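Report on the structure
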Amino acid sequence: MIAYFSAPHKESTMMHDAIDRLLERFPSKGKECLIQVLQEVQELEGYLSDQSIRKVSEYLTIPASRIYSIATFYDQFRFTPQGRYHIRICRGTACHVLGSSTILGELEKQLGITAGNTTRSGMFSLEVVSCMGACSLSPVISINGTFYDHVTLAKIRDILLLYRNREEGENGRD
Ligand code: FES
């Protein structure tokens, strides 16, 4: 499930209830199941919110500060909601050899955020992932599940422009 900014109150209450039900499936407290719980919470909520981490902290009796320090160690966890356009950039070996770190740098520069974050407008979020299974097309990125292959710095600018124009067009039709 993808979480967007400014969730209505009712939706956030439903999310809390869903997280309560999720936690009930983990009768043993403590650290052993922490990673699995966090993975499932993120799957449900789209990211790990402060409120969810507090809930997990209370339920598993692990201090929230400890949960943060463990979760931030793993690239897989995010602490802000995904943007309307979620960009994944591959950091697998084939993509790395063909310049994915330069592509990542360009994305970060163009979006004004670092990987793992979301633009202030909520439009784009950026995630670094391991091999996306399209190594022969390296370097690869995906946006909301659409793959872009053999990306270059110039292509990145064009791709972002495409989404910005699309967003502008949609807002114009409102
Ligand atoms: S390494 Fe990037 S798709 Fe495999």
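Residues numbered from 1 in each chain as written. Predicted model: local features only at pLDDT ≥ 70, side-chain atom pairs only at ≥ 80, totals over all residues. Heavy atoms only, no water.

**Considerations on the overall build of the protein**
The helix and strand inventory of the protein stands at seven helices and four strands. Going from the N terminus to the C terminus, the protein shows its helices and strands as α-α-α-α-β-α-α-β-β-β-α. Each principal axis of the C-alpha atoms in the protein carries an extent, and together these give about 50 × 45 × 25 Å. Counting all 174 residues of the protein, 42% fall into the buried class. In the protein, the share of contacts with a sequence separation of at least 24, taken over all contacts with a separation of at least 6, comes to 63%. For the protein, the exposed surface amounts to about 9,800 Å²; the carbon and sulfur share of it is 54%. Computed over 19 positive and 20 negative side-chain charges, the separation of the two mean positions in the protein equals 2 Å. (Helix = DSSP H or I, 4+ residues; strand = E, 2+ residues; numbered from the N terminus. Buried < 20%, exposed > 50% of the residue type's maximum accessible area, 1.4 Å probe, protein only. Contact = heavy atoms within 4.5 Å. Areas by Shrake-Rupley, 256 points an atom, 1.4 Å probe, with all protein chains shown as cover. Lys, Arg positive; Asp, Glu negative; His and termini not counted. Charge placed at Lys NZ, Arg CZ, Asp CG, Glu CD.)

**Section: the environment of Ile62**
Mapping Ile62 onto the fold places it in the loop between α3 (50-60) and α4 (64-71). Each C-alpha atom, one on Ile62 and one on Cys135, is 40 Å from the other, the two residues being 73 residues apart in sequence. When residues no more than four places from it in sequence are discounted, the contact partners of Ile62 are Gly30, Lys31, Leu34, Ser57 and Ile67.

**What to know about the domain arrangement of the protein**
Domain boundaries in the protein define domain 1 (10-73) and domain 2 (85-172). Between the C-alpha centres of domain 1 and domain 2 the distance comes to 29 Å. (Domains from an automatic or database assignment.)

**Side note on the packing of aromatic side chains**
Per the stated rule, a full pass over the model turns up six aromatic pairs. Aromatic side chains Tyr68 and Phe79 sit 5.9 Å apart centroid to centroid with 40 degrees between the ring planes, which places their arrangement in the tilted category. On the criterion of sequence distance, the pair formed by Tyr68 in helix α4 and Phe79 in the loop between α4 and β1 (85-90) is long-range, its members being 11 residues apart. When its relative accessible area of 28% is taken as the criterion, Phe79 is described as partly exposed. Here Tyr85 and Tyr163 contribute two aromatic rings whose centre-to-centre distance is 4.9 Å and whose plane-to-plane angle is 65 degrees, an arrangement assigned as edge-to-face. Linking Tyr85 in strand β1 with Tyr163 in helix α7 (residues 153-173), this pair joins segments that are 78 residues apart in sequence. Taken individually, Tyr85 and Tyr163 each receive the classification buried, so the pair is uniform in this respect. Ring pairs connect the aromatic residues Tyr85, Phe124, Tyr148 and Tyr163, which therefore count as one cluster. The lysine or arginine in question, Arg166, covers the ring of Tyr163, its NZ or CZ lying 4.7 Å from the ring centre. (Phe/Tyr/Trp six-rings, centres within 6.5 Å; stacked < 30°, edge-to-face > 60°. Lys NZ or Arg CZ within 6 Å of the ring centre and 35° of its normal.)

**Quick word on the packing of α3 against α4**
Relative placement of two packed helices is described by the angle separating their axes and the distance separating the axes. Contact geometry of α3 with α4 gives a least axis separation of 9 Å together with a crossing angle of 115 degrees. The pairing of α3 with α4 is recorded here as roughly perpendicular in orientation. Handedness of the crossing formed by α3 with α4: right-handed. Mapping the contact onto sequence places Asp50, Ile53, Val56 and Ser57 in α3 and Ala64, Ile67 and Tyr68 in α4. Class assignment of the residues belonging to the contact of α3 with α4 gives a composition of five nonpolar, one polar and one charged. (Axes fitted to C-alpha atoms, helices over the stretch in contact; angles between N-to-C directions. Parallel < 35°, antiparallel > 145°, perpendicular 65-115°, else oblique. Left-handed = near helix turned anticlockwise from the far one by under 90°. Nonpolar A, V, L, I, M, F, W, Y, C, P; charged D, E, K, R; others polar.)

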